[in-house]
Amino acid sequence: MPSHTDAPAPLIKLEKISKTYAGAVPVTALKEVNLEIGRGDRLALLGKSGSGKSTLLNLLALIDKPSSGALLIDNRESALFSEKEATTYRRQDIGFIFQFFNLLPTLTLRENITLPMELLQQNDDELVRQLVREAGIADKLERYPEEVSGGEQQRAAVIRALVKKPRLILADEPTGNLDLETGLHIVGLINEICDQFGTSLVMVTHSQEAAQACARRLKIIDGHLLNDV
Ligand SMILES: Nc1ncnc2c1ncn2[C@@H]1O[C@H](COP(=O)(O)OP(=O)(O)OP(=O)(O)O)[C@@H](O)[C@H]1O
Ligand SMILES: [Mg+2]
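These numbers were taken from a predicted model, which means no experiment stands behind them.

Analysis parameters
- Residues numbered from 1 in each chain as written.
- Chains lettered and ligands numbered in written order.
- Predicted model: local features only at pLDDT ≥ 70, side-chain atom pairs only at ≥ 80, totals over all residues.
- Heavy atoms only, no water.
- Near = heavy atom within 4 Å.
- Polar contact = N/O pair within 3.5 Å; in protein donor to acceptor, adjacent residues only side chain to side chain.
- Helix = DSSP H or I, 4+ residues; strand = E, 2+ residues; numbered from the N terminus.
- Buried < 20%, exposed > 50% of the residue type's maximum accessible area, 1.4 Å probe, protein only.
- Donors = N, O, S within 2.8 Å, 3.2 Å for Na, K, Ca; no water.
- Phe/Tyr/Trp six-rings, centres within 6.5 Å; stacked < 30°, edge-to-face > 60°.
- Pairing = 2+ DSSP bridges.
- Axes fitted to C-alpha atoms, helices over the stretch in contact; angles between N-to-C directions.
- Contact = heavy atoms within 4.5 Å.

Engineer: What exactly am I supposed to notice about the site of ligand 1 here?
Structural biologist: Surveying the vicinity of ligand 1 reveals 13 residues, the closest of which are Ser49, Gly50, Lys53, Thr55 and Gln99. In the model, an oxygen atom of ligand 1 is placed 2.6 Å from a nitrogen or oxygen of the Ser49 side chain. Thr55 is positioned such that a nitrogen or oxygen atom in its side chain is 2.6 Å from an oxygen atom of ligand 1. Those elements that place two or more of their residues in the shell around ligand 1 are strand S2 (27-37) and helix H1 (53-60). Looking at the shell around ligand 1 element by element, the count peaks at three residues for H1.

Engineer: Explanation requested: unusual backbone geometry in the structure shown.
Structural biologist: Trans peptide bonds make up the majority, and among non-glycine residues the majority have a negative phi. Residue Asp74 is not a glycine yet carries a positive backbone phi of 50°. Structurally, Asp74 can be placed in the loop between strand S4 (68-73) and strand S5 (76-77). Accessibility expressed as a relative area gives 4% for Asp74, which makes it buried. Phi is positive for Asn102, close to 55°, though the residue is something other than glycine. Note on placement: Asn102 falls in the loop between strand S6 (94-97) and helix H3 (109-120). Assessed through its relative accessible area of 42%, Asn102 is described here as partly exposed.

Engineer: For this particular structure, what's the right way to read the environment of Arg160?
Structural biologist: With respect to the helices and strands, Arg160 occurs in helix H5 (residues 150-162). Along the primary structure Arg160 and Leu119 are separated by 41 residues, whereas in three dimensions their C-alpha atoms are 12 Å apart. There is a polar contact of 3.0 Å between the side chain of Arg160 and the backbone oxygen of Asn102.

Engineer: Would you mind going over the coordination of the magnesium ion (ligand 2) with me for this structure?
Structural biologist: Coordination of the magnesium ion (ligand 2) by the protein involves Ser54 (OG) and Gln99 (OE1), with metal-donor separations of 2.0 to 2.4 Å. In this pair, Ser54 is assigned in helix H1 and Gln99 in the loop between S6 and H3, connecting sequence segments 45 residues apart. A residue is classified by how much of its surface remains accessible, and Ser54, at 26% relative accessible area, is partly exposed. Using a relative accessible area of 25% as the deciding quantity, one classes Gln99 as partly exposed.

Engineer: Before we go on, may I ask you to explain the packing of aromatic side chains in this structure?
Structural biologist: In this description, a pair of aromatic rings is defined by centroid distance and the angle of the planes. Applying the stated criterion across every chain, the model contains one aromatic pair. Relative to Phe98, the ring of Phe96 lies with its centre 4.2 Å away and its plane at 10°, an arrangement referred to as stacked. Judged by its relative accessible area of 22%, Phe98 is partly exposed.

Engineer: Looking at this structure, I do not really get the sheet that holds strand S7 (residues 168-172). What am I missing?
Structural biologist: One key point about sheets: their strands pair by backbone hydrogen bonds, in either a parallel or an antiparallel sense. Strand order in the open sheet made by the six strands is S6-S7-S8-S3-S9-S10, with mixed pairing throughout. Every interior strand has two partners, whereas the edge strands, S6 and strand S10 (224-226), have only one. The mean inter-strand angle of the sheet, taken between neighbouring strand axes irrespective of direction, is 15°. Pairing between strand S3 (residues 42-46) and strand S9 (residues 216-221): four bridges, direction parallel. Residue pairing in the sheet places Leu46 in a bridge with Lys219 of S9. Sheet contacts for H1: S3, S6, S7, strand S8 (200-204) and S9; angle to S7, the most-contacted strand, approximately 155°. Of the strands in this sheet, S6 and S7 are in contact with H5, which crosses S6 at around 175°.

See below:
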């Protein structure tokens, strides 16, 4: 989605974004969050369980809608996107690495990994071969998710997000199920893709080592975002 201003607009800008989940007891998960994400920026997102990290990623991916505030993508208010524009943005621009993987159980790891590329008609078999080899799951590709370990599912979910070459990778604890060494290797793969394609990254992590790989570190405390801690 091209921008029509002279100065390069930030990829994403959040202005006073709040999110309240309705229910018997409404929960305000994000409180007046301001944030700019530029092209190629890498942000680590820290914060305790329940502080609002996944909620923020869901809003950035247009999976969920803010309760108030403005969410600009390429300087356009995303609330005004048509359903088609929102779907195209999610499919084409966002590589989402979900906290709980979200692999499709009826597809093999290979099919899970290649499905987003096929939807975009952007097959890159060489990149898939390279990443699955480096992630150490090349010999597991014909298995279904339930036939591999949690860490292997997580690695497949990471690769599925990377092979699309998205403009923004949203990674929700992408190394949560991995040992330290494997985790750092996977963070290295994510950063290689960012280097290669100028991709922006927002990565939720509890690992100081993984956070070090990001130039900016943000912290959420009870729905409040603290910039660059
Ligand atoms: N669909 C929902 N309906 C109601 N409340 C929700 C919903 N999703 C999240 N919440 C609440 O919003 C708050 C923030 O949740 P969120 O999932 O964003 O936290 P998190 O920082 O990702 O936590 P974790 O580290 O445990 O994954 C929590 O109080 C949570 O209970
Ligand atoms: Mg979460």
